[in-house]
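Notes for the structure review
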Amino acid sequence: MPIQVVDWKTITDFVIEAFEKYGVPENDAKICADVLLESDRRGIESHGVNRFKPIYLDRIKSGVQKAVTNFEIIKETPTTAVVDGHDGMGQVIGYRSMELAIRKAKEYGLGMVVARNSCHYGIAGYYTSMATKAGCIGLTGTNARPSVAPTWGVEGIFGTNPFTLGVPTDEPFDFNFDCATSITQNGKIEYYERIGEPVHPGTIVGDDGEPVEGDAGVALKRIRQGTAALLPVGGIGEELGGYKGYGFNMFVELMCAALSDGYFGKQLNGVDENGNKCSPRLGHFFIAIDTDHFMGEEICRKKAGDIARLARGSKKMPGAERIWTAGEKEYEIRLARKDGVPINESVQGEINFVREETGLTGKYRFPWD
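How each quantity is defined
Residues numbered from 1 in each chain as written. Predicted model: local features only at pLDDT ≥ 70, side-chain atom pairs only at ≥ 80, totals over all residues. Heavy atoms only, no water. Helix = DSSP H or I, 4+ residues; strand = E, 2+ residues; numbered from the N terminus. Rg over C-alpha atoms; globule rule 2.2 N^0.38 Å. Buried < 20%, exposed > 50% of the residue type's maximum accessible area, 1.4 Å probe, protein only. Contact = heavy atoms within 4.5 Å. Areas by Shrake-Rupley, 256 points an atom, 1.4 Å probe, with all protein chains shown as cover. Lys, Arg positive; Asp, Glu negative; His and termini not counted. Charge placed at Lys NZ, Arg CZ, Asp CG, Glu CD. Pairing = 2+ DSSP bridges. Axes fitted to C-alpha atoms, helices over the stretch in contact; angles between N-to-C directions. Core = buried A, V, L, I, M, F, W, Y, C linked by side-chain atoms within 4.5 Å. Disulfide = S-S within 2.5 Å. Parallel < 35°, antiparallel > 145°, perpendicular 65-115°, else oblique. Nonpolar A, V, L, I, M, F, W, Y, C, P; charged D, E, K, R; others polar. Expected span 1.5 Å × (residues − 1). Arc of directions from axis to C-beta. Polar contact = N/O pair within 3.5 Å; in protein donor to acceptor, adjacent residues only side chain to side chain.

**What to know about the overall build of the protein**
Along the protein, the regular secondary structure elements total 11 helices and 11 strands. In summary, the protein has a C-alpha radius of gyration of 20 Å against a globular reference of 21 Å for 369 residues, a match within 12%. Taken over the C-alpha atoms alone, the protein extends approximately 55 × 50 × 50 Å along its principal axes. The buried share of the protein, reckoned over its 369 residues, is 54%. Put simply, of all contacts in the protein between residues at least 6 apart along the chain, 69% involve residues at least 24 apart. If you sum the accessible surface of the protein, you get close to 16,900 Å²; carbon and sulfur atoms cover 55% of it. Put simply, the protein has 42 plus and 51 minus side-chain charges, and the middle of one group is 2 Å from the middle of the other.

The structure is reproduced here in structure tokens:
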């Protein structure tokens, strides 16, 4: 079956209702669906419906992730908070944490929330967009299953650990820099496996110190077996700045675990001390900085827009079509996808399975039916 486009209302209603069938409360299901599908709206297929069943629904079904989220604030000051998510839905923990950080920032200028015992929270850029829409500068990061080697190492020690930044602008899209501190991430390798695309050269290192190339499925197995690891931004060694990606990668790990007394490194591999499957036990951090506590939101937006326009208007490399700024490509993909989300054959099969398992077969029909 070729790729098929499902309109946004149909896929949104289906994802919400499926989450509810798996025990996620209605309001939480709406948050989870919005975070999930926002990824597809921005063209980030690695974190969209591509992960709906295998990452979220399957984890709920297996018992390693709780459908009902107990969002507990275990320590709080006027500008900070520490949250325990008790292995609930990462999107709900992320949404409520950034919401709390923004509320504190609006009152005191800056708010920061750290969360522990969470699960995968989707695209980090969703939370920085929450901040920029509220007139705040936003920062967030999350640790993850260990798969990235430190510089001069070949063993996956830390996660892909995105360090994501957002600044409000006066343009139709805000500056939103959302990326892993590794060259690529596990979700992208999973996506390559689904569509039959080989590993991109220079993104993975084997335990023999040599680059791993070829079949993405084989590479993914090697990463999970510990005989290969993703590389930090900059690649192997130090010549192209691999130590810089490694430094940012470790900084995110520190922010996610040190302030919350959370788990880190190989404690996040989904297996407990007795070798049994367990919750991912991830940590996140969220920072909101209110621009009105400085020179004001209007000035910040105008100045940030001017800086972005300066970059885009600078002299281009010969043959280059244009210069982009962070958030621009995602904005254009959103416009291009106004009619719906493209879904590949593999994910179509997963949606069919979920539809049948949840008893929604008679209610929802898709283009591939």
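**Here's the deal with the sheet that holds strand E3 (residues 80–84)**
Read from one edge to the other, the open sheet built from 7 strands follows the order E2-E3-E4-E10-E5-E6-E7, with strand pairing classed as mixed. Of all the strands in the sheet, just strand E2 (72–76) and strand E7 (175–177) have a single pairing partner and so form its edges. Neighbouring strand axes in the sheet, compared pairwise and without regard to direction, differ in orientation by 15 degrees on average. Of the pairings in the sheet, the one linking strand E5 (residues 136–142) to strand E6 (residues 163–167) comprises 4 bridges and is antiparallel in character. Bridging from a neighbouring strand, Thr 140 pairs with Thr 164 of E6. Sitting on the sheet, helix H4 (residues 90–108) is in contact with E2, E3, strand E4 (110–118), E5 and strand E10 (282–290), with an inclination near 160 degrees to E4.

**Some remarks on the environment of Ile 123**
Topologically, Ile 123 is positioned in the loop between E4 and helix H5 (125–133). Filtering out sequence-adjacent residues up to four positions away, Ile 123 remains in contact with Val 35, Glu 38, Ser 39, Arg 42, Ile 44, His 47 and Asp 178.

**Description of the environment of Ala 216**
Within the element layout of this structure, Ala 216 appears in helix H7 (residues 216–225). Assessed through its relative accessible area of 3%, Ala 216 is described here as buried. Apart from residues no more than four positions distant in its own chain, Ala 216 is found in contact with Ile 189, Tyr 192, Glu 193, Glu 197 and Val 199.

**Observations regarding unusual backbone geometry**
The phi torsion at Asn 117 lies on the positive side, around 55 degrees, for a residue other than glycine. Residue position: Asn 117 is located in strand E4. In this structure, Asp 261 takes a positive phi of about 55 degrees despite not being glycine. Considering the arrangement of structural elements, one finds Asp 261 in the loop between helix H8 (242–257) and E10.

**Focus on the pairing of E5**
The element E5 is extensively covered by neighbouring structure, given that 6 of its 7 residues are classed as buried. Judged from the 7 bridges that link them, E5 and E10 form a sheet pairing that is antiparallel. Bridge pairing links Thr 140 to Phe 286 in E10.

**Quick word on the nonpolar core**
By size, the foremost hydrophobic cluster in this structure holds 33 residues, and its most contacted members are Ile 11, Phe 14, Phe 19, Phe 52 and Ile 343. Looking at this core, the elements that each hand over two or more residues are helix H1 (8–21), helix H2 (26–41), helix H3 (52–62), strand E11 (341–343) and helix H11 (345–357). At 7 residues, H1 tops the list of elements feeding residues into this core. Apart from residues no more than four positions distant in its own chain, Phe 14 is found in contact with Phe 52, Ile 351, Val 354, Arg 355, Leu 360, Tyr 364 and Phe 366. Counting 23 residues, the second-largest nonpolar core is a separate cluster that includes Ala 101, Ala 124, Cys 136 and Phe 286.

**Describing the state of the cysteines**
One way to say it: the disulfide is the covalent bond shared by the sulfur atoms of two cysteines. For the structure on display, the rule yields 0 disulfides. Lacking any disulfide linkage, Cys 119 is separated from the closest cysteine sulfur, that of Cys 278, by 9.7 Å. For Cys 119, a relative accessible area of 0% corresponds to the buried category. Between Cys 300, a cysteine without a disulfide, and Cys 136, which holds the nearest cysteine sulfur, the sulfur-to-sulfur distance is 9.8 Å.

**Some thoughts on the packing of H2 against H4**
At a minimum axis distance of 8 Å, the contact between H2 and H4 shows a crossing angle of 90 degrees. The angle between the axes of H2 and H4 places the two elements in the roughly perpendicular class. The residues of H4 that touch H2, namely those facing Asp 28, Ile 31, Cys 32 and Val 35, are Gln 91, Val 92 and Tyr 95. For the contact of H2 with H4, the residue count by class is 5 nonpolar, 1 polar and 1 charged.

**Considerations on H3**
Residues Phe 52, Lys 53, Ile 55, Tyr 56, Leu 57, Arg 59 and Ile 60 constitute the buried set of H3. Tucked into the core, H3 has its buried residues touching H1, H2, H4 and H11. Gly 63 lies just past H3 and shows a positive phi near 90 degrees.

**With respect to H11**
Its 13 residues give H11 an end-to-end C-alpha distance of 19 Å, which sits within 8% of 18 Å, the value for a rise of 1.5 Å per residue. Of all the positions in H11, only Val 347, Gln 348, Glu 350, Ile 351, Val 354 and Arg 355 are classed as buried. Along the axis of H11, the buried positions cluster into a sector of 160 degrees, meaning they face one direction only. The elements touched by buried residues of H11 are strand E1 (4–6), H1, H3, helix H6 (186–195) and E11. Backbone nitrogen of Ser 346 and a side-chain oxygen of the N-cap are separated by 3.1 Å at the start of H11; the cap is Asn 344.

**Here's the deal with the pairing of E2**
Judged from the 4 bridges that link them, E2 and E3 form a sheet pairing that is antiparallel. Within the sheet, the bridge partner assigned to Lys 75 lies in E3 and is Val 82. Hairpin geometry of E2 and E3 is characterised by an intervening segment of 3 residues between the two adjacent antiparallel strands.

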